[in-house]
Amino acid sequence: MMCWEDGVNNRKVAFSTESYDKDILNTIPYYDEVYYQIADVISAYFSDKAISWLDVGCGTGKMAETALEQCNVEKMICTDNSSVMLQTAKQKIISSYVEFLELPIEKINYESQFDVITSILVNHYLTYGERMIAARNCYNALKEKGVYITFENFAPCDEMIKKLYLKRWEKYQCSKGKSIKECKKHLNRYNTEYFPITIQEQIKIMKNCGFINAEIFWCSYMQVGILARK
């Protein structure tokens, strides 16, 4: 595993761009499945309607790739604060429907332009105040009745349960071929290089920013998917 600076606030990102897709599959349980589930939720919600989509923190373009396969996307903007990640995404996603922008979530400035906004493994790098700004930016960027979906690492409410979940996560990573040293190095990033908050706190932030409702649609190990409506 390698760490690198993302260029904004010196945040440490877990993997190099070159190995990101492979390394994250060996780290986040059900990583591919999460994207399919998100696209399935959006497809069911909007049926055959042509939709506009903003994917913040797009990384190597996995969400765009899945969305274009499963949903009726007429326009998609993918943002990331890493020019290197964006270059990789551009090489992967060749589509006239997709535009790529180098832009952190805290500086998104759209008004009622998107039916869907997704944010995958982004907010856990933010301070609490930055999370509020990010959620409010996403709320403002959505059209009425639009949908915001986040997928993030979360912090358990109980210390004993946190230890249990970390132990399970370590076991998963070892089962994917990582050494014990590599597994522990990744788990030691918890609250040092990324800063998870509880599921309840994540939902509270969304509601405080104006979302009508916010509910869990996916949860496994120490990752949660939350769906919110404007």
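These numbers were taken from a predicted model, which means no experiment stands behind them.

Draft legend 1. Focus on the nonpolar core. Counting 43 residues, the largest nonpolar core has I38, I42, I51, W53, M76, F100 and W169 as the members making the most contacts within it. Among the elements that take part in this core, helix α2 (residues 31-46) stands out by supplying 7 residues, more than any other. Beyond its immediate sequence surroundings of up to four residues, F100 is in contact with C58, C78, L86, A89, K90 and I93. Among the nonpolar cores identified, the runner-up in size contains 25 residues, and V56, F114, I117 and M206 belong to it.

Draft legend 2. Spotlight on the environment of K62. For K62, the location among the structural elements is in helix α3 (residues 62-70). On a C-alpha basis, the gap between K62 and I120 in space is 9.8 Å, while along the polypeptide they are 58 residues apart. Contact partners of K62, with chain neighbours within four places excluded, come to D32 and Y35. Within the structure, the side chain of K62 is placed 3.1 Å from the side chain of D32, a separation counted as a polar contact.

Draft legend 3. Molecular detail of the environment of T79. With respect to the helices and strands, the residue T79 is situated in strand β4 (residues 73-80). Residues T79 and E99, 20 residues apart in the sequence, show an inter-C-alpha distance of 8.5 Å. Contacts of T79, omitting those with residues within four sequence positions, involve L54, D55, V56, G57, C58, L86, L101, L103 and I108.

Draft legend 4. Quick peek at the packing of helix α6 (residues 159-175) against helix α7 (residues 180-187). It is the contact of α6 with α7, at a shortest axis distance of 9 Å, that shows an interaxial angle of 140 degrees. Overall, the two elements α6 and α7 adopt an arrangement that is oblique. As α6 runs across α7, the sense of the crossing is right-handed. Of the residues in α7, those in contact with L166, W169, E170, Q173 and C174 of α6 are I180, C183, K184, H186 and L187. Tallied by class, residues from the contact of α6 with α7 come to 6 nonpolar, 2 polar and 2 charged.

Calculation notes
- Residues numbered from 1 in each chain as written.
- Predicted model: local features only at pLDDT ≥ 70, side-chain atom pairs only at ≥ 80, totals over all residues.
- Heavy atoms only, no water.
- Core = buried A, V, L, I, M, F, W, Y, C linked by side-chain atoms within 4.5 Å.
- Buried < 20%, exposed > 50% of the residue type's maximum accessible area, 1.4 Å probe, protein only.
- Helix = DSSP H or I, 4+ residues; strand = E, 2+ residues; numbered from the N terminus.
- Contact = heavy atoms within 4.5 Å.
- Polar contact = N/O pair within 3.5 Å; in protein donor to acceptor, adjacent residues only side chain to side chain.
- Axes fitted to C-alpha atoms, helices over the stretch in contact; angles between N-to-C directions.
- Parallel < 35°, antiparallel > 145°, perpendicular 65-115°, else oblique.
- Left-handed = near helix turned anticlockwise from the far one by under 90°.
- Nonpolar A, V, L, I, M, F, W, Y, C, P; charged D, E, K, R; others polar.

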